[in-house]
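A look at the structure
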Amino acid sequence: MAAFTVKPKHTSLSYVLMLSILCTLSYFIAIWKHSPSATTIRNAIQCNFLNQTTTTAVINLDFSSHHQAQDPPSTEATVLDFPPCDSDFTEYTPCEDVERSLKFDRDRNIYRERHCPEKKELLKCRVPPPFGYKVPFRWPESRDLAWYANVPHKELTVEKKNQNWVHFEGDRFRFPGGGTMFSHGADAYIDDIGKLINLSDGSIRTAIDTGCGVASWGAYLQSRNILTMSFAPRDTHEAQVQFALERGVPALIGVLASIRLPYPSRAFDMAHCSRCLIPWGQYDGLYLIEVDRILRPGGYWILSGPPINWEKYWKGWGRSREDLQAEQTKIESIAKSLCWKKLKQKGDLAIWQKPTNHIHCKANRRVFKQPRFCNPKSPEDKGWYTKLEKCLTPLPEVSNIQEIAGGQLAKWPERLTSIPPRISSGSLGGITADNFRENTELWKKRVAYYKTLDYQLAERGRYRNLLDMNAHLGGFAAALVDDPVWVMNIVPVEAEINTLGVIYERGLIGTYQNWCEAMSTYPRTYDFIHADSVFSLYKDRCGMEDILLEMDRILRPEGSVIIRDDVDVLTKMKNMIDVMEWDGRIMDHENGPHEREKILVAVKQYWTSPAPKQNQQGTSTA
């Protein structure tokens, strides 16, 4: 037992204390070793050692990381600048520029078609209103009056003086409702039409006026709930379409030449020509074939002026009886080949009706070899830079002779909210009747919200001419149907689904458009512009600034825009509209602040070209 010994307790405590000190010291040495400052000190020591011991070698040390992305190249900030254009550009219409048009073929009026500038030719400036420009008269007063300063052209007051188109009175124009064939005014002329076909039961809602003049026919049809698309070339008579738009009447610059009109098939209930100077009997009836394409089954074509009633007017028209009789015979023959039925010819009016289906028409191709029927697979609704063809667009198939091809349309106003036949038939991929109803209710909600954001839109009568740049099913326009406005509904040619036919089946009007190009209209056409997801649609297709400058061109001073899009798009856009001198703000979505989609509301400030300079004799030098 003597061999067993116990160590004193203080020896064990000393051992534990020494071990703790050593561990702590090791820990701090490790931290120091791996710290940046330690690395720097060690590297400095190593460099000094190498410099002292090595005199023949130069060592370049690289301490940068080799596993990180490179910094993006530095770019200078883009300075935005959209100055006013020169005063000579107050009526600039890029795709109908007169000087450019003269470079193209004059045969069949091809030079009067759309010919847009190349990208390098695009103006990066804001088209100015003329000096003295005023906010137009409100509808319905605007139907009869327009400010001279807004459309400073007196040519028609002289050229059409005896035809009552337009009169100049002090600082304004007056439109008495006359026309070349409207000897007693447009209202009386429309009454005469109403005695031949029913204009009052709601079966006729959409109309097209070819070669419209100042669009008095369309202006006076408004009171009968008939909405008319009027068109005429840019330079036949100075400013005729511009006068129509200033009056608050739907119109576009356009011409029947070598390409289709920018509308879908089966769009209009009624087509009209009053001495419109279109050669209907020439080119194997090509232009009447196009009218047939855009007319609804059972739709009407109305013609007044040469050659109708030539027996009475041939001397005044400066043509021989034989020439005029031959022209009428040719038109009658083409109409028969299209299977149209001549309903009436009374006085200065002749009216034909398109068949409600093509059962008989297909059978009589043995008699009428031309025009043949187009390929059924051809896109009948394609109306953007599409060449005219000498073939008859076939109507949708029917099961019996009484059936209306494409489906029966409800009468106005039920037509607005009834399920359009193109949807109920399932021909519009993916859009169902339920989608249509939901879309209609959605836009009622949205338009109500818009009116809380834009007091000018909410003020009844403040606006007249409206544009929807991406209309889809026409819900925006439908929600405003009780307001004293009209809406030009645009279906972009880049849209996933071509819905313009549905818009017309609802009793609304519109056209196709590529927003990388200018619209076929004059500056200052619209009081209000709506753009739903337009800029997202055209991302990587063309510049945002080019679309905004086109919107600025066609928007009236003190007019407003509502643009709904992704918040990132609108944030970028806000910088541009500030430079364009629009007063704008980004607002929350109608469903609240948590939606990525936001709404930009902006108003174009009032400004004009400077006053023309006066020389010493007091005459204008500008």
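Okay, so let's go over this structure. Since the structure is predicted, the reported quantities are computational estimates derived from the model, not experimental observations. (Residues numbered from 1 in each chain as written. Predicted model: local features only at pLDDT ≥ 70, side-chain atom pairs only at ≥ 80, totals over all residues. Heavy atoms only, no water.)

1. Structural notes on the overall build of the chain
Summing up its helical and strand segments, the chain has 19 helices and 19 strands in all. Counting across all 622 residues of the chain, residues that qualify as buried make up 49%. Counted over contacts in the chain with a minimum sequence separation of 6, partners at least 24 positions apart contribute 68%. Here the chain displays about 30800 Å² of accessible surface, and carbon together with sulfur accounts for 53% of that area. (Helix = DSSP H or I, 4+ residues; strand = E, 2+ residues; numbered from the N terminus. Buried < 20%, exposed > 50% of the residue type's maximum accessible area, 1.4 Å probe, protein only. Contact = heavy atoms within 4.5 Å. Areas by Shrake-Rupley, 256 points an atom, 1.4 Å probe, with all protein chains shown as cover.)

2. Description of the sheet that holds strand β19 (residues 597–604)
A sheet is described by the order of its strands in space; here seven strands give the open sequence β15-β14-β13-β16-β17-β19-β18, paired in mixed fashion. Of all the strands in the sheet, just β15 (510–513) and β18 (582–587) have a single pairing partner and so form its edges. Strand-to-strand twist in this sheet, taken as the mean axis angle between neighbours without regard to direction, amounts to 15°. The pairing of strand β14 (residues 486–492) with β15 spans four bridges and is parallel. Directly across from Asn-489, in β15, lies its bridge partner Gly-510. Contacts from helix α18 (residues 544–554) reach β13 (465–468), β16 (526–532), β17 (555–566), β18 and β19, with the element oriented near 145° to β17. (Pairing = 2+ DSSP bridges. Axes fitted to C-alpha atoms, helices over the stretch in contact; angles between N-to-C directions.)

3. Description of the pattern of salt bridges
Taken as a whole and judged by the stated rule, the model has 40 salt bridges. Across the pair Asp-201 and Lys-411 runs a salt bridge, and its minimum N-O distance is 3.4 Å. Taken together, the residues Asp-201 in the loop between α5 (186–194) and β4 (206–210) and Lys-411 in the loop between β12 (391–392) and α12 (421–424) connect sequence positions 210 residues apart. Overall, the relative accessible area of 42% leaves Lys-411 in the partly exposed class. (Salt bridge = Lys/Arg side-chain N within 4 Å of Asp/Glu carboxyl O.)

4. Remarks on the environment of Ile-226
Residue position: Ile-226 is located in the loop between α6 (216–221) and β5 (227–232). Ile-226 sits in the buried class, given a relative accessible area of 1%. Discounting residues that sit within four places of it in the chain, Ile-226 has contacts with Leu-199, Ile-204, Arg-205, Ala-207, Leu-221 and Met-270.

5. Examining the packing of aromatic side chains
Tallied over the entire structure, the rule returns 22 aromatic pairs. Pairing Tyr-283 with Tyr-287 gives two aromatic rings, centres 5.7 Å apart and planes at 70°, and the pair type is edge-to-face. By relative accessible area, Tyr-283 is classed as partly exposed at 28%. When its relative accessible area of 1% is taken as the criterion, Tyr-287 is described as buried. When the ring of Tyr-463 is compared with that of Phe-528, the centres are 6.0 Å apart and the planes differ by 40°; the resulting orientation is tilted. With Tyr-463 in the loop between α14 (455–458) and β13 and Phe-528 in strand β16, the pair connects residues that are 65 residues apart, well separated along the chain. (Phe/Tyr/Trp six-rings, centres within 6.5 Å; stacked < 30°, edge-to-face > 60°.)

6. Let's talk about the side chain of Arg-234
Position of Arg-234 relative to the elements: it lies in the loop between β5 and α7 (240–246). Among the residues examined, Arg-234 registers a relative accessible area of 13% and is labelled buried. At a separation of 3.0 Å, a polar atom in the side chain of Arg-234 contacts the side chain of Thr-93. Not counting chain neighbours up to four residues away, the residues in contact with Arg-234 comprise Glu-91, Thr-93, Glu-96, Val-98, Ile-253 and Tyr-522. (Polar contact = N/O pair within 3.5 Å; in protein donor to acceptor, adjacent residues only side chain to side chain.)

7. A few points about the sheet that holds strand β2 (residues 167–169)
With antiparallel pairing, the three strands of this open sheet are ordered in space as β1-β3-β2. The sheet terminates laterally at β1 (145–147) and β2, the two strands that pair on one side only. With direction set aside, neighbouring strand axes in the sheet form an average angle of 30°. Here β1 pairs with strand β3 (residues 172–174) via three bridges, running antiparallel. Following the sheet pairing, Ala-146 is matched in β3 by Phe-173.

8. Some thoughts on helix α10 (residues 321–337)
The end-to-end C-alpha distance of α10, which contains 17 residues, comes to 25 Å, matching closely the 24 Å that a straight helix rising 1.5 Å per residue would cover. Those residues of α10 that fall on the buried side of the exposure criterion are Leu-324, Gln-328, Ile-331, Ile-334, Ala-335 and Ser-337. Residues of α10 that are buried in the fold lie against α8 (286–294), β8 (295–304), α9 (310–313), β9 (341–346) and β10 (349–353). One or two positions beyond α10, positive phi appears at Cys-339, with a value near 70°. (Expected span 1.5 Å × (residues − 1).)

9. Thoughts on helix α19 (residues 567–579)
Along an α-helix, a turn takes 3.6 residues, which lines up residues three or four apart on a common side. In this model, α19 (13 residues) spans 19 Å end to end at C-alpha, consistent with the 18 Å of a helix rising 1.5 Å per residue. Largest kink in α19: about 25°, centred on Met-573. The complete set of buried residues in α19 reads Val-569, Leu-570, Met-573, Met-576 and Ile-577. At the C-terminal side of α19, Glu-581 shows a positive phi close to 65°. (Bend = angle between axes of the 7 residues up to and from the residue.)

10. Notes on the nonpolar core
In this structure, Trp-280 and Trp-301 are the most contacted members of the largest nonpolar core, which totals 128 residues. In contact with Trp-280, other than residues within four places in its own chain, are Thr-210, Leu-256, Cys-273, Gly-285, Tyr-287, Leu-288, Val-291, Trp-301, Leu-303, Ile-331 and Ile-334. (Core = buried A, V, L, I, M, F, W, Y, C linked by side-chain atoms within 4.5 Å.)

11. Some points on unusual backbone geometry
In the segment running from Trp-139 into Pro-140, the intervening peptide bond is cis, with an omega of 10°. Among the secondary structure elements, Pro-140 is positioned in the loop between α3 (98–101) and β1. Note that the residue after Trp-412, namely Pro-413, is joined by a cis bond; omega there is 10°. With respect to the element layout, Pro-413 can be found in the loop between β12 and α12. In this structure, Leu-277 takes a positive phi of about 65° despite not being glycine. For Leu-277, the location among the structural elements is in the loop between β7 (268–274) and α8. Since its relative accessible area comes to 68%, Leu-277 is described here as exposed. Of note in the backbone geometry, Arg-524 takes a positive phi value of approximately 65° without being a glycine. Position of Arg-524 relative to the elements: it lies in the loop between β15 and β16.

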